[in-house]
Amino acid sequence: MYSEDDLIWLSENGITPESLEKQLQIFTKGVEPPAIKRIATCNDGIRVVNDAEVEMYQTAWNDYIENNPDKTTHFIPASGTANRLFRALYRFYYSEHTEPQTNIEKNFFKHLQSFAFFNELNVICIQKEKKDIHELIEQKQYKLILEYMFFEKGANYSQLPNALFKFHTDKSMRYAAFQKYLPKKIAKYASFEHTRTPIQENLLECAMVSGVKKGNVRVCFTVNKEHLNQIAEYIEEYKKPIEKKLSVSLDVHLSVQHPSTQTVIVKDDNSFFRDKDNKITFTYAGHGALLENLNAIDAEIVFIKNIDNAVPDTLKKTTSSYKKMLAGILLSTRNKIRYYVDLLDMPNLPEDKLIEIIHFVENELNVKKQSILSLPKGVLLQYLKEKLDRPLRVCGMVKKEEEQGGEPFWVEQKDGTMSLQIVDFYQISNDQKALELFDTATHFNPVDIVCSIVDKDGSKYDLSKFVDEEAYIIARKKKKDEWLKRLEFPGLWNGAMAHWNTIFVEVPIKTFNPVKTINDLLRYEHQNQ
């Protein structure tokens, strides 16, 4: 089946013929959607915390981090280019129209001066055309402005890592205190007090969540290999003023997805799709492939968020305080888990303690099993220990308004238990009944997660053992006149964490401010008012 050239190509990518065969079997067999039973709502799977509890959990986290400054890492997927922000503008640029047609296009040009990158782009236009952006707009040179924005002849933002794209402008200039700490070399990225990138915003937020005076703030960004050196150089220069100003040390690690986590592209008949050199083609396997990167982290507690949910300083107090709340809930729950695991090791566990543990597993860890009390004593004890002794995650959930994302559900597992899971649309796109439930969900997943990935003795869990191996996703896409299929690993916060203990907690919508399109940066929250 494989030629000698195929085997060499597989070896160069770190992929074994056996793993490739497993992928082909999944294409042939197909995948089943998760067995959704009902949506999770407030007080039925989603915990609602009052103000007093918020303060209590924040205090618990502050006390913990003060005494354990080196046991926490922030894990932030940061791959991709700024190119993805410009899709609507590309449609206009390559269209036959000479003037903006849609509201998205019109708003972009109307409010161009409000973007953090405006000054840089304006300087380029003046240098190249001897006219500023306002003059070019008056002359209806819209597409020329986009050329200087997108391509190498100008700012070349389409090739810039999304993590380094200018998101915010500090109109008040109130951060000029950092200026004296700035290395001269950082000037090429624009002055610190005028603009902020997602990297900058996230490092500051991480320091607010887990920084202690003269302690380490550990952050891991996952990045594309081709951006590795550019981002590393940027961070090395940028982090110095933060460290001096906040009296912390930023320990930043850049992690790259391993080639072996790529998946194969096949035709509709499940035969390999080959490139012009007759090589088997591979693609990135979605965020689930980052489980390997997460598994490599040396930490007890890990915060997970997306790079594009970056807020200006006006919102950092809010976002960081709710992250601390989630972490406080994690610590409280983890302490109970460890206490109950020790109880289960007792030779003669009192009956009232057994009932207490069952209640905890079913009502706080949200793992439910019908007729649990009918299980033989030995089987019951083993069942409880297995359910307690797992990685733990506490996930913020925001009310579903205009934003969309994965949603919280009660899902039946293969062992007959029912537990809380985050389900994304693409997992159930062929299940009409599940889609109807999806539309009625009250909350969604903003990717605001804090995890405990060690057992009661401090030994790391092997996270690969807690994956739902059947939760792959098959995606179809038409290329020219041919339908192609690709495989995505179980999503990082979906199937990859299917067998973790999961707690959902409601957090305010103002903690979620993603930038998925360029005009998202025009929203009030990102204008740093």
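Residues numbered from 1 in each chain as written. Predicted model: local features only at pLDDT ≥ 70, side-chain atom pairs only at ≥ 80, totals over all residues. Heavy atoms only, no water.

A. Structural view of the sheet that holds strand β18 (residues 473–479). Spatially, four strands are ordered β10-β9-β19-β18 in an open sheet, and the strand pairing comes out antiparallel. Looking along the sheet, the strands with just one partner apiece sit at the ends: β10 (282–283) and β18. Sheet topology note: the strand β9 (residues 263–267)/strand β19 (residues 482–488) ladder contains three bridges and is antiparallel. In the strand pairing of β19, I265 is matched with R486. Of the strands in this sheet, β9, β10, β18 and β19 are in contact with helix α2 (residues 17–29), which crosses β9 at around 45 degrees. (Pairing = 2+ DSSP bridges. Helix = DSSP H or I, 4+ residues; strand = E, 2+ residues; numbered from the N terminus. Contact = heavy atoms within 4.5 Å. Axes fitted to C-alpha atoms, helices over the stretch in contact; angles between N-to-C directions.)

B. Inspection of the packing of helix α3 (residues 51–67) against helix α12 (residues 313–344) at higher detail. Packing of α3 against α12 brings their axes to within 7 Å, and their N-to-C directions diverge by 80 degrees. As judged from the angle between their axes, α3 and α12 are roughly perpendicular. Judged by residue contacts, V54, Y57, Q58, A60, W61, N62 and Y64 of α3 engage S321, Y322, K324, M325, A327, G328, I329, L331, S332 and R334 from α12. Of the residues that constitute the contact of α3 with α12, the class distribution is 10 nonpolar, five polar and two charged. (Parallel < 35°, antiparallel > 145°, perpendicular 65-115°, else oblique. Nonpolar A, V, L, I, M, F, W, Y, C, P; charged D, E, K, R; others polar.)

C. Inspection of the pairing of strand β15 (residues 418–423) at higher detail. In terms of burial, β15 is largely enclosed, as six of its six residues are buried. Relative to β15, strand β12 (residues 367–368) runs antiparallel, the two sharing two bridges. Following the sheet pairing, K368 is matched in β15 by M418. Sheet topology places strand β14 (residues 407–412) next to β15; six bridges connect them, and they run antiparallel. The partner of P408 across the bridge, within β15, is I422. Where β14 folds back onto β15 in an antiparallel hairpin, the turn is made up of five residues, including G416, whose phi is positive at roughly 90 degrees. (Buried < 20%, exposed > 50% of the residue type's maximum accessible area, 1.4 Å probe, protein only.)

D. A look at unusual backbone geometry. The phi angle at N43 is positive, at roughly 70 degrees, despite the residue not being glycine. Examined against the element boundaries, N43 turns out to sit in the loop between β2 (41–42) and β3 (45–47). Taking the relative accessible area as the measure of exposure, N43 reaches 69% and is therefore exposed. One non-glycine residue, N156, lies in the positive phi region at around 60 degrees. Within the secondary structure, N156 sits in the loop between α8 (142–150) and β5 (168–169). A relative accessible area of 24% places N156 in the partly exposed class.

E. Fine view of helix α13 (residues 351–363). The terminal C-alpha atoms of α13, which comprises 13 residues, lie 18 Å apart, in line with the 18 Å expected from a rise of 1.5 Å per residue. Where α13 is concerned, the buried positions are L354, I357, I358, F360, V361 and E362. (Expected span 1.5 Å × (residues − 1).)

F. Representation of the sheet that holds strand β1 (residues 35–39) within the structure. Pairing is antiparallel across the open sheet formed by four strands, whose spatial order is β1-β14-β15-β12. Sheet topology places β1 and β12 at the edges, where each strand pairs with a single neighbour.

G. The arrangement of the pairing of β14 in detail. Across the six residues of β14, five count as buried, placing the element largely inside the fold. Judged from the four bridges that link them, β1 and β14 form a sheet pairing that is antiparallel. Of the residues in β14, the one forming a bridge with I36 is V411.

H. Fine view of the layout of surface pockets. Put simply, the second largest pocket is a space of about 450 Å³. Taken together, 20 residues form the lining of the second largest pocket, with T261, E292, E469, Y472 and F489 sitting closest to its centre. Of all the secondary-structure elements, those providing two or more residues to the lining of the second largest pocket are α2 and α11 (291–295). The residue makeup of the lining of the second largest pocket, split by class, is eight nonpolar, nine polar and three charged. (1 Å grid on protein atoms, 1.4 Å probe; cavity = no way out; pocket = protein on both sides within 12 Å on 5 of 7 lines; lining within 4 Å. Points joined across faces, edges and corners; volume = space filled by probe spheres on them.)

These figures come from the coordinates and say nothing about function on their own.
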